[in-house]
Amino acid sequence: MKIDKTCFRCKSHIESIFHALWNCKLVKDIWILCSFSHFIDQNWEYDIIGFLWRMHNLLSPKEFHLFIMISWQVWAARNSYFHKNSCPFPKRVVDDAFKWLDDFISIFDLKPKNGTNRSDDTRWKPPDRGKFLINVDTTTDIKSGTLGLGIIIRNSVGDVLYTRAIHWPLPILVEAAEAMAIKWGIITALEAGLVGFSVASDCVSIVNALNNMTRNFSECGIILDEILNLFSCSYFSGLFFMPRCANRATHNIARLAVLSNGSQT
């Protein structure tokens, strides 16, 4: 029996794994919503492993996790179309991937690399007496093409002293966005005249890079250099990792930034 291998969605190409996940004109409507879509828009069909390895090397760890999660959701959408003749909108596919990735990180609390200070307790912990803690986080709204930075500064008894929501246009690398959140968190504390503050972020790679004083010449590296210069001020106490499940309030502030389409303090 002859089997028709033509893609049942676009009906114009043979359906291979590469085509189904990354190259079909219908799934391109999904990938175009991602800041790293230009890395996908190439013909790597002859070497799937090579393509995945290339994406691993080109993307930050957080971006690569998102790339894998969206690929999984694209496959789920493909099966839904095949078995149920229904397919979610592109934004829904990407939003579901973000949700699944956030849930995965929160539930399994991905371990940071060596050298990163962290607590096994997933609850927010106050700084030492007389000190201040800056929590920072980011979120992305693909539909509006915007990034939100969230900043909350609390004292040693947990009182919220300052909040800041900053709106930023996409595309921007995920790690660059996390670095910008740290930078603006420190700037906010300096503008407020605070003495003795530390910063907590849920981006392990950026925390490690800054604590190890790793410098590079990428888009993210420029921001890291700016942060390292801010570290030199006597008011700064340190930077450490805090999982998102202990930092949900700051994530909500970041979401406020993309909803309000502007910066708020």
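See the structure above.
For clarity, every value in this text was computed on a predicted model and none was experimentally measured. (Residues numbered from 1 in each chain as written. Predicted model: local features only at pLDDT ≥ 70, side-chain atom pairs only at ≥ 80, totals over all residues. Heavy atoms only, no water.)

Colleague: Talk me through the packing of aromatic side chains; I want residue IDs and the actual numbers.
Modeller: Within the structure shown, the criterion is met by 10 aromatic pairs. Both rings, one in W31 and one in F67, keep their centres 5.5 Å apart while their planes meet at 40°; by these two values the pair is tilted. Of this pair, W31 sits in helix α2 (residues 25–31) while F67 sits in helix α4 (residues 61–84), placing them 36 residues apart in sequence. By relative accessible area, which is 2% here, W31 ends up buried. An angle of 35° between the planes, with centres 5.9 Å apart, marks the rings of F64 and F67 as tilted. On the criterion of helical spacing, the pair formed by F64 and F67 is a turn pair, its members being three residues apart in helix α4. Accessibility expressed as a relative area gives 0% for F67, which makes it buried. (Phe/Tyr/Trp six-rings, centres within 6.5 Å; stacked < 30°, edge-to-face > 60°. Helix = DSSP H or I, 4+ residues; strand = E, 2+ residues; numbered from the N terminus. Buried < 20%, exposed > 50% of the residue type's maximum accessible area, 1.4 Å probe, protein only.)

Colleague: I'd like to hear about the sheet that holds strand β3 (residues 160–169), residue by residue, with values.
Modeller: One open sheet accounts for five strands, arranged β3-β2-β1-β4-β5; its pairing is mixed. The open sheet terminates on both sides in strands that have one partner only, identified here as β3 and β5 (236–241). Taking each pair of neighbouring strands and ignoring which way they run, the sheet shows an average axis angle of 20°. As judged from the nine bridges shared by strand β2 (residues 146–154) and β3, these two strands associate in the antiparallel manner. What sits directly across from L147, in β3, is W168. Running at roughly 140° to β5, helix α7 (residues 204–211) makes contact with β4 (197–201) and β5 of the sheet. (Pairing = 2+ DSSP bridges. Axes fitted to C-alpha atoms, helices over the stretch in contact; angles between N-to-C directions. Contact = heavy atoms within 4.5 Å.)

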